[in-house]
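A look at the structure
Here is what each chain is made of, one letter per residue.
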Amino acid sequence: MLELRNVTKTVGAVEHIRDVSLTLQHGSLNVLLGPTLSGKTSLMRLMAGLDVPTSGSVWFDGRNVTGTPVQKRKIAMVYQQFINYPAMTVYDNIASPLKVAGVEQGKIDSQVREAAALLKLTPYLDRTPLSLSGGQQQRTALARAIVKNASLVLLDEPLANLDYKLREELRAELPRIFAAAGTIFVYATTEPHEALLLGGNTATLSEGRITQFGPTIDVFRKPVDLVTAKTFADPPLNNIVLAKKGADFLLEGGVKLPVPADLVGIADANYTVGFQPHHLSLDRPNASAVPVRAKVTITEITGSESFIHLDFADVRWVMLTHGIRDFETDAVVEVFIDPRHIMVFDEHGRAVTAPKLAA
């Protein structure tokens, strides 16, 4: 078990990590999700022992390892920018941690070939990394981490340079591989959809602090605050400040958005209402959905989906819809908000509720 206890890391006058407490179990997959400069890499370096916290402590299996150098821990770390030994063959790169550990040659050979087969490197074992593509070099670094049999594996956006098909395959395989070994697996990403695909647990980060940690689907469906909801939304979370009056939130033009049944009793005040782009629709999803008229600013067509950017009451929204939808700029369209899926936050950004049907 890895524990971070009130860990803070300050460099000069800049606070990179702020009062983080986190517990990760053996055999668990844990995603660090946040934008660039949110603290993901800084937190991983503290977990690994590459950096020492300014305050707080790091514990592993009940032992205080704060200040213990990375060389004395069973750690494997893979970065987005792959690191290999250029003069060694792919085989020797993968085998290097096993040779250092004094593993018997027969076991080294079987483990190297098993990892190479998994990562589709078998045809390249006799080549040097510099003769490979960037994706193949990254797979070599991943294979080396797999055979190391580390207690803690830290992957810092490791699939960003791989092609789509291989990324999908590895996202499915990596959690199974490391979980079977009882490893604590930590994976950093800026992409909410990648966190959802990986599953496990997710910690959302913002400005060096963890805003929420728990089962990935729970953090997505039930964010504790507006910052977490925005972190876990791509395209960006749609939101608007609305006044609650009685049983309704009041929208522009006299339109009323029903307050969720479990919130009808909250005080009449201003609240931020948020909903995901795929919960805004061109067709009425059910009888309770509320129609509003919005102006199209731009339409992005990706092939199977369209992202329609809308202006409503001086607020920019994005709607994600299936199929090709080619609207002209400034066209006024009717779109529907499903009140079952809205999230409501108070004036401090704390969640008042979260949708029960946000699948």
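Residues numbered from 1 in each chain as written. Predicted model: local features only at pLDDT ≥ 70, side-chain atom pairs only at ≥ 80, totals over all residues. Heavy atoms only, no water.

- An unreviewed UniProt entry annotates the protein chain as ATPase component of ABC-type sugar transporter originating from Mesorhizobium australicum.
- Database annotation for the protein chain, UniProt heading Sequence similarities (unreviewed entry): "Belongs to the ABC transporter superfamily." (UniProt positions renumbered as here; feature names shortened; annotations may be inferred.)

**Topic: unusual backbone geometry**
- Each neighbour pair has its own omega, and for D234 with P235 the value is 5°, a cis peptide bond.
- Considering the arrangement of structural elements, one finds P235 in the loop between α8 (226–231) and β11 (238–245).
- A positive phi angle, near 50°, is found at D19, a position not held by glycine.
- With respect to the secondary-structure elements, D19 resides in strand β2 (residues 14–24).
- The exposure class assigned to D19 is partly exposed, which follows from its relative accessible area of 48%.
- Not every positive phi belongs to a glycine, and E207 is a case in point at roughly 50°.
- Its place among the elements puts E207 in the loop between β9 (201–206) and β10 (209–215).
- With relative accessibility at 61%, the residue E207 sits in the exposed group. (Helix = DSSP H or I, 4+ residues; strand = E, 2+ residues; numbered from the N terminus. Buried < 20%, exposed > 50% of the residue type's maximum accessible area, 1.4 Å probe, protein only.)

**Re the packing of aromatic side chains**
- Under the counting rule described, the total for this entry stands at five aromatic pairs.
- Note on F185 and Y187: the rings are 6.2 Å apart at their centroids and 85° apart in plane angle, and the pair reads as edge-to-face.
- Exposure remark for Y187: the relative accessible area of 0% places this residue in the buried category.
- Aromatic pair F275 and W317: ring centres 5.2 Å apart, planes at 75°, arrangement edge-to-face. Placement of the pair is F275 in strand β14 (residues 270–275) and W317 in strand β18 (residues 315–322), with a sequence separation of 42 residues.
- On the basis of relative accessibility, which here comes to 0%, the residue W317 falls in the buried class.
- Put simply, the rings of F275, F312 and W317 touch in pairs and so form one group of aromatic residues. (Phe/Tyr/Trp six-rings, centres within 6.5 Å; stacked < 30°, edge-to-face > 60°.)

**Comments concerning the nonpolar core**
- Among the nonpolar cores identified, the biggest contains 39 residues, and I94, V112, L155 and L170 are the most heavily contacted of them.
- Broken down by element, the residue count for this core peaks at six residues, all from helix α4 (residues 134–147).
- Those residues in contact with V112, other than ones at most four positions away along the chain, are Y91, I94, A95, L98, L125 and V147. (Core = buried A, V, L, I, M, F, W, Y, C linked by side-chain atoms within 4.5 Å. Contact = heavy atoms within 4.5 Å.)

**Observations regarding the domain arrangement of the protein chain**
- The domains assigned to the protein chain are domain 1 (2–230) and domain 2 (236–345).
- Contacts between domain 1 and domain 2 engage six residues on the former and seven residues on the latter.
- A combined buried area of about 530 Å² lies between domain 1 and domain 2, and 77% of that area is made up of carbon and sulfur atoms.
- Connecting domain 1 to domain 2 are zero salt bridges.
- The interface formed by domain 1 and domain 2 includes zero residue pairs in polar contact (both at pLDDT 80 or more).
- The leading source of residues in the side of domain 1 that touches domain 2 is α8, at three residues. (Domains from an automatic or database assignment. Buried area = accessible area lost by both parts, 1.4 Å probe. Salt bridge = Lys/Arg side-chain N within 4 Å of Asp/Glu carboxyl O. Polar contact = N/O pair within 3.5 Å; in protein donor to acceptor, adjacent residues only side chain to side chain.)

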